[in-house]
Amino acid sequence: MVKTFQAYLPKCHRMYSCIHCRAHLANHDELISKSFQGSQGRAYLFNSVVNVGCGPAEERVLLTGLHAVADIYCECCKTTLGWKYEQAFDASQKYKEGKYIIELAHMIKENGWDSPPN
């Protein structure tokens, strides 16, 4: 049996966690945009994430055109969280390549959101 090790983000940073199992997903510093739409509502674009597995890439027509994307899921509870942009076919969308979408329905804010940023 293979054991999956969970990565932990530093406690001193604001972070996002899986709403289903509380596994850490992303540091707030990795947030690129809050202006995205997922299949279940609003979603955020992140530069990097942790504790996330990636399925096979497939071409999908999204709101901004054709992209090659791979579904991403929580490594701890296996819930599908969003997707990773593998390839953008439109030049104006190339900035998304290698970035991650996580839907708000699957994550919560944790650690220090009530205190002012440094």
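Residues numbered from 1 in each chain as written. Predicted model: local features only at pLDDT ≥ 70, side-chain atom pairs only at ≥ 80, totals over all residues. Heavy atoms only, no water.

**Description of the pattern of salt bridges**
Thought 1: A complete count under the given rule lists 5 salt bridges for this structure.
Thought 2: With a shortest N-O distance of 2.8 Å, E58 and R60 are connected by a salt bridge.
Thought 3: Of the residues examined, E58 reaches a relative accessible area of 41% and is grouped as partly exposed.
Thought 4: With a shortest N-O distance of 2.7 Å, R60 and D71 are connected by a salt bridge. (Salt bridge = Lys/Arg side-chain N within 4 Å of Asp/Glu carboxyl O. Buried < 20%, exposed > 50% of the residue type's maximum accessible area, 1.4 Å probe, protein only.)

**Re the sheet that holds strand β5 (residues 52–62)**
Thought 1: With respect to topology, 6 strands assemble into an open sheet ordered β3-β4-β8-β7-β6-β5, the strand pairing being antiparallel. Two strands bound the open sheet, and with one partner strand each, they are β3 (31–38) and β5. This sheet shows a mean twist of 30° between the axes of neighbouring strands, independent of strand direction.
Thought 2: Sheet topology note: the strand β6 (residues 65–74)/strand β7 (residues 80–88) ladder contains 7 bridges and is antiparallel. Paired with I72 across the bridge in β7 is G82. (Pairing = 2+ DSSP bridges. Helix = DSSP H or I, 4+ residues; strand = E, 2+ residues; numbered from the N terminus. Axes fitted to C-alpha atoms, helices over the stretch in contact; angles between N-to-C directions.)

**Considering the packing of aromatic side chains**
Thought 1: Applying the stated criterion to the full structure yields 4 aromatic pairs.
Thought 2: Pairing Y16 with Y44 gives two aromatic rings, centres 5.9 Å apart and planes at 90°, and the pair type is edge-to-face. Of this pair, Y16 sits in strand β1 (residues 15–18) while Y44 sits in strand β4 (residues 41–46), placing them 28 residues apart in sequence.
Thought 3: Residue class for Y16 comes out buried when judged on its relative accessible area of 1%.
Thought 4: In textbook terms, an aromatic cluster arises when at least three aromatic residues are bridged by ring pairs, as seen for Y16, Y44 and F46. (Phe/Tyr/Trp six-rings, centres within 6.5 Å; stacked < 30°, edge-to-face > 60°.)

**Describing the confidence of the model for the chain**
Close inspection of predicted coordinates is inappropriate in any region flagged by low pLDDT.
Thought 1: Summary statistics for the chain give a mean pLDDT of 90 and a share of 89% for residues scoring 70 or more.
Thought 2: Averaged over each element, pLDDT in the chain is lowest for strand β9 (residues 107–110) (92) and highest for strand β8 (residues 100–103) (98). (pLDDT = per-residue confidence, 0-100.)

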